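Residue-level structural notes
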Amino acid sequence: MRNLSLKNCFHILVLSIVFLFSSCQKESNEEEYSTRETISVTSPLTTLLKRVAMQKTSQDNIVDNTSCFMIKFPYEVTVNGVEIELYNPNDYLTVQNNINASNLDNDIVYIEFPVSVILNNYTERNLNNHTAFNNLITECLTNENDFQKIYCLDINYPISLNSFNNDNQLLSSVSIADDHELFIFIDNLIESQYISIVFPMTAINQNGQIITITNNSQFEDVIKESIDNCIQNPVPSQTLEQTITTGSWRVSYFYDDHELTSNYNGYVFTFNTNNTVTASKSGNTINGIWTTFLENGKKRFELKFQSNPLNILDEDWSVFEYNPTHLNFRDTNNGSFETDYLYLERN
């Protein structure tokens, strides 16, 4: 990373980002930035990029039967009495061929311990026996409802990022060489730090096509396509309607021109099967309605309340992603340059 003098700001960032840096100095604690140009540690795109950059851990599932981690080369397994040494990903095929060779054997893959494993956050663990192996899988299961690695989208590196730290007024740029570097960079972001991706950049999608990406919103669209169409990414076991009507929910993130999440602290939302919704806080209950529908083949979610501040949530939301504990919606057709976000989390 190299530090740049402030007089070079114009050559690095567009005028909208310069405005951002000025607005960040306001006494207000609200984030005031353009989602088209900059992202911070709390921005949805930041989390999505981190998941794209995670360590790939599913490629050795034929061996360890888990996407929680991958076993680090080299190591040895025994399959149907045959010892197989694995030095690179091509050796997974040897394991598969052995399993497919006969229908009369048990096809159990026995891992020769000790082994080292790499988790999707790039940390490593040494596992000395099968008990340690099972304990790590159990540990991973406690986080199974978190959104995991996004597969089938490969960023073409290097990419460049511009960064501004509001605490020390330091402007800098960094070149990112691979997924590992991008993950670590995002993992180390602090609240006062704002970054912008230097566009255009390219990525390879699930069909092997090279896609040129020119802005943040398009980047989210490309990631969304990978989430929906890559068979390595998990598919929800329930419909959105089944999920949202199970239990209660709270607003974990809401962005409408600027972040307004704190306005909904304490509200508990219950979505009923008759398409009514209640929002309760401090003994008071506000009623509303919700519905889902398809528009151009895409799932949409609509929410309506009559009173402030809940009516600010009223939008025709696109369903971006969901699982049993998280519901993520966004709106890119709101007549402005901003993308709005509504994230709900199981209460």
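Structural notes, computed from the coordinates.

Some details on the nonpolar core
Generally speaking, a soluble globular protein has its nonpolar side chains buried in company with each other. In this structure, L49, L161, F185, F219 and I223 are the most contacted members of the largest nonpolar core, which totals 31 residues. Where this core is concerned, the elements lending two or more residues are helix 3 (44-52), strand 10 (159-165), strand 11 (170-176), helix 7 (179-187), strand 12 (193-197), strand 13 (201-204), strand 14 (210-213) and helix 8 (216-229). Within the second largest apolar cluster, 25 residues are counted, among which are L240, Y267, A279 and W290.

Section: the sheet that holds strand 5 (residues 82-86)
Strand order in the open sheet formed by 3 strands is 5-4-6, and the pairing between neighbours is antiparallel. Here the strands that pair on one side only, and so sit at the sheet edges, are strand 5 and strand 6 (109-111). Each adjacent strand pair in this sheet contributes to an overall mean axis angle of 30°, direction not counted. Note: strand 4 (residues 75-79) against strand 5, 5 bridges, orientation antiparallel. Bridge pairing links V79 to V82 in strand 5.

Focus: the state of the cysteines
This model, assessed by the stated rule, comprises 2 disulfides. Each disulfide pairs two cysteine sulfurs, and for C68 the partner residue is C140, the sulfurs being separated by 1.6 Å. Separated by 72 residues along the polypeptide, C68 in the loop between helix 4 (61-64) and strand 3 (69-71) and C140 in helix 6 (residues 130-141) bring together distant segments of the chain. In this model, C152 is linked to C230 through a disulfide, with the two sulfur atoms separated by 2.0 Å. Sign of the S-S torsion, about 45° for the bond between C152 and C230, identifies this disulfide as right-handed. Placement of C152 in the loop between helix 6 and strand 9 (154-155) and of C230 in the loop between helix 8 and helix 9 (240-244) is noted, with a sequence separation of 78 residues between them. Disulfide partners in the protein, listed by the sequence order of the bonded cysteines, are 1-2, 3-4.

Considering the environment of Q232
Along the chain, Q232 turns up in the loop between helix 8 and helix 9. Q232 gets classed as partly exposed once you look at its relative accessible area, which sits at 43%. Separated by 83 residues in the primary sequence, Q232 and K149 have C-alpha atoms spaced 9.4 Å apart. Apart from residues no more than four positions distant in its own chain, Q232 is found in contact with S58, Y151 and C152. Here S58 takes part through its side chain, which lies 3.1 Å from a polar atom of the side chain of Q232.

Calculation notes
Residues numbered from 1 in each chain as written. Predicted model: local features only at pLDDT ≥ 70, side-chain atom pairs only at ≥ 80, totals over all residues. Heavy atoms only, no water. Core = buried A, V, L, I, M, F, W, Y, C linked by side-chain atoms within 4.5 Å. Buried < 20%, exposed > 50% of the residue type's maximum accessible area, 1.4 Å probe, protein only. Helix = DSSP H or I, 4+ residues; strand = E, 2+ residues; numbered from the N terminus. Pairing = 2+ DSSP bridges. Axes fitted to C-alpha atoms, helices over the stretch in contact; angles between N-to-C directions. Disulfide = S-S within 2.5 Å. Contact = heavy atoms within 4.5 Å. Polar contact = N/O pair within 3.5 Å; in protein donor to acceptor, adjacent residues only side chain to side chain.

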